[in-house]
Amino acid sequence: MKTVLSGIRPTGHLHLGNYFGAVKNFVELQDKYRCFYFIADYHSLTTHPKPEHLQQNIRTVLSEYLACGLDPEKATIYIQSDVPEVAELYLLLNMNAYVGELERTTTFKEKVRKQPNNVNAGLLTYAVLMAADILIHHADYVPVGKDQEQHLEMTRKFARRFNNIYGVDYFKEPEPFSFTGKLIKVPGLDGSGKMGKSEGNAINLTDEPDVIRKKVMKAVTDAGPKEPNSPMSEPVKNLFTILELVSTPDTVEYFKQKYADTTIRYVDLKKQLAEDLIKFTEPFRQRFKDIYNNIDYLRKIRKMGQEKAKESAQKTVKEVREIIGLTNF
Ligand code: ADP
Ligand code: TRP
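What you see is a predicted model, and the numbers here were worked out from it, not measured in a lab. (Residues numbered from 1 in each chain as written. Chains lettered and ligands numbered in written order. Predicted model: local features only at pLDDT ≥ 70, side-chain atom pairs only at ≥ 80, totals over all residues. Heavy atoms only, no water.)

When you go through the protein residue by residue, the secondary structure sums to 14 helices and 5 strands. Relative to the compact-globule value of 20 Å for 329 residues, the protein shows a C-alpha radius of gyration of 21 Å, a close match. Taking all contacts inside the protein whose residues are at least 6 apart in sequence as the whole, residues at least 24 apart take part in 78%. Carbon and sulfur atoms make up 52% of the accessible area of the protein, which totals about 16,000 Å². Computed over 47 positive and 43 negative side-chain charges, the inter-centroid distance for the protein is 2 Å. (Helix = DSSP H or I, 4+ residues; strand = E, 2+ residues; numbered from the N terminus. Rg over C-alpha atoms; globule rule 2.2 N^0.38 Å. Contact = heavy atoms within 4.5 Å. Areas by Shrake-Rupley, 256 points an atom, 1.4 Å probe, with all protein chains shown as cover. Lys, Arg positive; Asp, Glu negative; His and termini not counted. Charge placed at Lys NZ, Arg CZ, Asp CG, Glu CD.)

Below, the structure written as structure tokens:
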């Protein structure tokens, strides 16, 4: 059976981008494959979160995974740092990762720009830790959003390189995965770029209706189409992209038509989008609250996931140690 693996950093509530880029795929894959879904808490340390925030965010994301429909009986759901074998594999893979290629990674360059006063070694080797996550369970498929494509490419390179150096055919090269065949990028509400936790442009799955209304009403648009069939500016295109994700095809068609014949009023589009977003997120909001407050249940799920993930990770680390020559004499 093929293995699927993916992770999300615990840096706040899950938003629509996380859901459509990653989690929706997780849920749909869990019936067909051996699935590992984890919370990448080691990764989130690159930004030095306060311990109590980190704790809370781990609990939040675990609850949200479950609220989205991940089933701990089907998938192995775990916290990355509950399986420290990952850290050992990361150390071993670091020996074959070159500083030059790590410095050239787009996400690294972006982080250097965003946090120039905290360019730590964990940021530089982010892709190596991610490769360790993936290779430790021999994943075949990795459902992620478009922004993670390069990291996946690097994982494939590290796997190939390890096999070449040791003359083995041990690590598989994982493939990025999306049901649509194409990795998606959900845009933010601020006119450009992707929806992201740190961009302040996101709709969270657990946002209250009033919060959703406020965020959508503030979304960036433009002065409106002047002539029939004008091309759409990026901010307006982005609103349509989100509408397509949560509204019915009829609604989308209705507003596209209104745009094409220049009678569209963005305020109507936004009102409709806000109501459809509220409807779409309603089930998550409720389930999330119940699960988040049930700490005994969360602890039980956490332990169960840890045990299953550890078993698979320990086997890999043992085999890698043997391949490398870290064995008893
Ligand atoms: P964020 O970008 O909000 O900090 P993460 O980096 O933790 O979120 O991303 C977790 C998962 O969600 C990754 O698989 C990522 O590709 C996906 N993802 C995040 N934002 C988007 C988006 N706007 N569109 C599609 N996928 C996304
Ligand atoms: N880097 C991913 C992100 O920022 C999170 C992540 C860490 C991940 N390890 C992973 C995703 C392994 C898929 C597989 O979104």
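Further notes follow.
Close to ligand 2 lie 14 residues, the nearest being R9, Y126, M130, D133 and Q148. At 3.0 Å from a nitrogen atom of ligand 2 is found a side-chain nitrogen or oxygen belonging to Q148. Burial of ligand 2 by the surrounding chains reaches 91%, relative to a free accessible area of 370 Å². Those elements that provide at least two residues to the shell around ligand 2 are β1 (3-8) and α8 (126-135). Take the shell around ligand 2: its biggest share by element is 4 residues, from α8. A breakdown of the residues in the shell around ligand 2 according to their chemical character gives 8 nonpolar, 4 polar and 2 charged. (Near = heavy atom within 4 Å. Polar contact = N/O pair within 3.5 Å; in protein donor to acceptor, adjacent residues only side chain to side chain. Nonpolar A, V, L, I, M, F, W, Y, C, P; charged D, E, K, R; others polar.)

A few words on the domain arrangement of the protein. The accessible area lost on association of the parts is a frequent measure of interface size. Domain boundaries in the protein define domain 1 (3-183 + 295-324) and domain 2 (209-289). Once you take the C-alpha centre of each, domain 1 and domain 2 turn out to be 33 Å apart. Each side of the interface is counted separately: domain 1 has 9 residues, and domain 2 has 8 residues. Each partner contributes to the roughly 720 Å² buried at the junction of domain 1 and domain 2, and carbon and sulfur atoms together form 85% of this total. Taken together, domain 1 and domain 2 are joined by 0 salt bridges. Joining domain 1 to domain 2, the criterion identifies 1 residue pair in polar contact (both at pLDDT 80 or more). Put simply, the parts of the chain that give the side of domain 1 that touches domain 2 at least two residues each are α1 (16-29) and α3 (51-67). With 4 residues, the top contributor of residues to the side of domain 1 that touches domain 2 is α3. Counted by class, the side of domain 1 that touches domain 2 contains 5 nonpolar, 3 polar and 1 charged residues. (Domains from an automatic or database assignment. Buried area = accessible area lost by both parts, 1.4 Å probe. Salt bridge = Lys/Arg side-chain N within 4 Å of Asp/Glu carboxyl O.)

Here we take up the nonpolar core. In terms of nonpolar packing, the biggest core is built from 58 residues, with V23, Y37, Y65 and L277 touching the most fellow members. Top element by residues in this core is helix α13 (residues 266-293). It accounts for 10 residues. Residue contributions to this core reach at least three from each of two domains, namely domain 1 (3-183 + 295-324) and domain 2 (209-289). Aside from chain neighbours lying at most four places away, what touches L277 is L16, I203, I212, V216, I242 and V246. Judged by nonpolar contacts, the second largest core, of 40 residues, contains L93, A131, L152 and V317. (Core = buried A, V, L, I, M, F, W, Y, C linked by side-chain atoms within 4.5 Å. Buried < 20%, exposed > 50% of the residue type's maximum accessible area, 1.4 Å probe, protein only.)

Ligand 1 sits among 18 residues. The nearest are H15, G145, D147, K194 and K197. For ligand 1, an oxygen atom lies 3.1 Å from a polar atom in the side chain of N18. A distance of 2.9 Å separates a nitrogen atom of ligand 1 from a polar atom in the backbone of M195. When the free accessible area of ligand 1 is taken as 530 Å², the share hidden by the protein chains comes to 95%. Here the shell around ligand 1 takes 4 residues from α1, the largest share from any one element.

Compared with an ideal rise of 1.5 Å per residue, which puts 17 residues at 24 Å, α3 spans 24 Å between its outermost C-alpha atoms and is within 8% of the ideal. Three or more residues of α3 are buried, namely L54, N57, I58, T60, V61, L62, S63, E64, Y65, L66 and A67. Positive backbone phi, at 110°, marks G69, one or two positions downstream of α3. (Expected span 1.5 Å × (residues − 1).)

Structurally, K74 can be placed in the loop between α3 and β3 (76-79). Taking the C-alpha atoms as reference points, K74 and Y90, separated by 16 residues in sequence, lie 27 Å from one another. Residues within four places of K74 in sequence aside, it is in contact with Q30 and D31. Here D31 takes part through its side chain, which lies 2.7 Å from a polar atom of the side chain of K74.

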